[in-house]
Amino acid sequence: MKRVKAVIVKEFAHILRDPTSLAIVFLMPILMMTIFGHALNFDLDRVEAGIIDYSGGEISGRLIKKFANNNYFELQDLRSRYADPMAAGEKLLRKGELKELIVIPRDFSSKIRAGEKAELGLIMDGSDSNVANLVYQYNERVVLDFMSEYRDIKDILNVKTKIYFNPQVKSSFFFIPGLIAILLIMISAMLTSLSIAREKESGSIDLVFISPLKSPEIILGKTIPYIVVALAVGIMILAFARFWFGIPFQGSLLVLLAFSLLYIITGLSFGILISTVAPNQKVAMFVALLATLLPSIMLSGFIFPLDSMSPVLRGISHIVPATYFLKIIRGVVLKGAELKHFVFEGLAMVVFSLVLIVLASVKFSRNRKKLK
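Just so it is clear, the model here is predicted, and its values are computed rather than measured.

1. With respect to the overall build of the protein
Assigned secondary structure in the protein consists of 16 helices and 5 strands. Looking at the 372 residues of the protein, the share that counts as buried comes to 45%. When contacts within the protein are restricted to residue pairs at least 6 apart in sequence, long-range pairs at least 24 apart make up 79% of them. Roughly 19,500 Å² of accessible area belongs to the protein as shown, and the carbon and sulfur atoms make up 65% of that amount.

2. Observations concerning the nonpolar core
A general trend in soluble globular proteins is that nonpolar side chains are found buried together. In this structure, Ile180, Phe259, Tyr263, Phe325 and Ile329 are the most contacted members of the largest nonpolar core, which totals 49 residues. For this core, the secondary-structure elements that each account for two or more residues are helix H5 (85-95), strand S3 (100-104), helix H8 (171-193), helix H11 (215-243), helix H12 (253-277), helix H13 (281-298) and helix H15 (321-335). When residues in this core are grouped by element, the largest group, 8 residues, is from H15. Setting aside chain neighbours within four positions, we find Ile180 in contact with Ile237, Leu238, Ala241 and Ile329.

3. So, the pairing of strand S1 (residues 47-53)
Of all 7 residues in S1, 7 are buried; the element is thus mostly enclosed. Burial along S1 is two-sided: the face carrying Val47, Ala49, Ile51 and Asp53 and the face carrying Glu48, Gly50 and Ile52 are both buried. Relative to strand S2 (residues 73-77), S1 is paired through 5 bridges, and the arrangement is parallel. Each bridged residue has a counterpart across the sheet, and for Gly50 the counterpart in S2 is Gln76. Handedness of the crossover joining S1 and S2 through helix H3 (residues 58-68): right-handed. Here 5 bridges tie S1 to S3, and the two strands are oriented parallel to one another. Following the sheet pairing, Gly50 is matched in S3 by Leu101.

4. Regarding the environment of Asp45
Tracing the chain through its elements places Asp45 in the loop between helix H2 (19-39) and S1. On the basis of relative accessible area, Asp45 is assigned to the partly exposed category, the value being 40%. Placed 260 residues apart in sequence, Asp45 and Pro305 show a C-alpha to C-alpha distance of 9.4 Å. Among residues more than four places away in sequence, those in contact with Asp45 are Asn71, Tyr72, Asp307 and Ser308.

5. Overview of the pattern of salt bridges
All chains considered together, the criterion is met by 10 salt bridges. Residue Glu97 pairs with Lys95 through a salt bridge whose shortest N-O separation is 3.2 Å. Using a relative accessible area of 41% as the deciding quantity, one classes Glu97 as partly exposed. Glu338 serves as the salt-bridge partner of Lys340, at 3.8 Å between the closest nitrogen and oxygen. Exposure remark for Glu338: the relative accessible area of 44% places this residue in the partly exposed category. A cluster of three or more residues bridged by salt bridges with shared partners is formed by Arg46, Glu48, Glu74 and Lys99.

6. Examining the confidence of the model for the protein
Taken as a whole, the protein shows an average pLDDT of 83; of its residues, 86% reach a score of 70 or greater. For the protein, the element scoring lowest by mean pLDDT is H2, at 63; S3 scores highest, at 93.

7. Some words on the packing of H8 against H13
In the contact formed by H8 and H13, the axes pass within 9 Å of each other and the chain directions differ by 160°. Of the possible angle classes, the one that applies to H8 and H13 is roughly antiparallel. Crossing angle aside, the handedness with which H8 passes H13 is right-handed. Along its contact with H8, which presents Ile182, Ile185, Met186, Ala189, Met190 and Ser193, the element H13 presents Ala284, Met285, Ala288, Leu289, Thr292, Leu293, Ser296 and Ile297. Residue classes in the contact of H8 with H13 are distributed as 11 nonpolar, 3 polar and no charged.

8. Examining the pairing of S3
It is a general feature of regular strands that their side chains alternate between the two faces of the sheet. Counting buried positions along S3 gives 5 out of 5 residues, so the element sits mostly inside the fold. Because side chains alternate across S3, one face comprises the buried residues Glu100, Ile102 and Ile104, and the other comprises Leu101 and Val103, equally buried. With 4 bridges joining them, S3 and strand S4 (residues 118-125) adopt antiparallel strand pairing. Residue Leu101 lies in a different strand from S4, and its bridge partner there is Ile123.

Rules behind the numbers
- Residues numbered from 1 in each chain as written.
- Predicted model: local features only at pLDDT ≥ 70, side-chain atom pairs only at ≥ 80, totals over all residues.
- Heavy atoms only, no water.
- Helix = DSSP H or I, 4+ residues; strand = E, 2+ residues; numbered from the N terminus.
- Buried < 20%, exposed > 50% of the residue type's maximum accessible area, 1.4 Å probe, protein only.
- Contact = heavy atoms within 4.5 Å.
- Areas by Shrake-Rupley, 256 points an atom, 1.4 Å probe, with all protein chains shown as cover.
- Core = buried A, V, L, I, M, F, W, Y, C linked by side-chain atoms within 4.5 Å.
- Pairing = 2+ DSSP bridges.
- Right-handed = clockwise from strand over helix to strand, strands pointing away.
- Salt bridge = Lys/Arg side-chain N within 4 Å of Asp/Glu carboxyl O.
- pLDDT = per-residue confidence, 0-100.
- Axes fitted to C-alpha atoms, helices over the stretch in contact; angles between N-to-C directions.
- Parallel < 35°, antiparallel > 145°, perpendicular 65-115°, else oblique.
- Left-handed = near helix turned anticlockwise from the far one by under 90°.
- Nonpolar A, V, L, I, M, F, W, Y, C, P; charged D, E, K, R; others polar.

Okay, structure coming up:
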């Protein structure tokens with residue numbers, strides 16, 4: 001028993017000598033509980049819907065009020081804002097600014113007043129199958145509530161629902177492009193996170209420190225080769241998604257590759273920053289995995305709609321690169337969106353890359369000065 005006791009004491013001593021690992025063990029469950037507790041919400045608090053009311057009557061106005069008072073819908077009157085509301089509405093659907101179009105025909109009010117069956121058009125964005133199913137349920141509640149006021153008219157409404165971008169509402173069409181985004185950021189960060197950390201372990205970092213090259217030149221030199229590798233991996237993943245899973249590519253492959261290159265550079269920049277801070281390869285790999293996988297899966301809209309998250313987590317999602325690339329890849333692949341639709345997202349990734357590269361260069365320069 002004394003020998004067992006000695007081993008126990010020795011192990012506790014090892015644990016206490018590594019406060020970093022101990023802190024991770026205790027803080028990780030709290031962190032994951034906080035994120036999962038707030039992010040695991042399949043409800044949709046806000047549905048951006050465009051109203052196109054060609055009828056303009058009292059009865060159609062009553063239906064619009066039903067949607068407006070539902071607390072889920074955020075309505076935009078497209079007919080008052082655009083000369084061609086249908087074309088504008090479809091563009092907004094493609095850009096992801098609307099989740100649904102509600103089209104009320106000209107004869108809507110007159111037909112109901114005459115006791116005849118009227119038509120109602122609902123055009124939904126099906127790129128996110130979970131959101132599409134929720135919006136469908138919300139529509140059903142509003143329509144049933146409206147119909148309950150006209151019990152004397154049998155089958156008052158003929159609701160025609162169209163689903164754009166993913167007519168079969170296949171979940172794979174939504175998740176596979178998202179998975180590509182997660183894999184690209186993870187692989188890119190891991191590739192460069194090991195570069196400087198590897199030289200620290202081997203001892204060759206001292207030779208790098210005393211070289212005549214400037215710190216930004218070293219950082220760029222270590223980043224650029226991995227752009228080729230990561231882009232090749234990205235092309236392989238895209239090809240696999242297209243030909244193995246049958247994911248449709250509605251948009252331009254060139255546009256997608258251009259944004260993928262920006263996204264990869266962001267991931268590589270993040271990895272090189274980790275490499276300048278991490279003491280060894282094991283820590284670098286662990287930090288790269290933790291810092292890319294958890295936020296990208298939970299806080300980017302990969303699984304859970306951003307609109308269903310708390311304001312705090314929604315704010316944090318703006319500093320997660322995957323949040324921007326997810327909009328791009330799903331928009332290009334499923335909706336055929338063009339370069340002009342993602343100017344803001346592209347600029348965000350450029351800013352991320354520049355900031356991370358500058359931070360890595362500053363940290364590397366400080367490490368060199370300490371050696372001198």
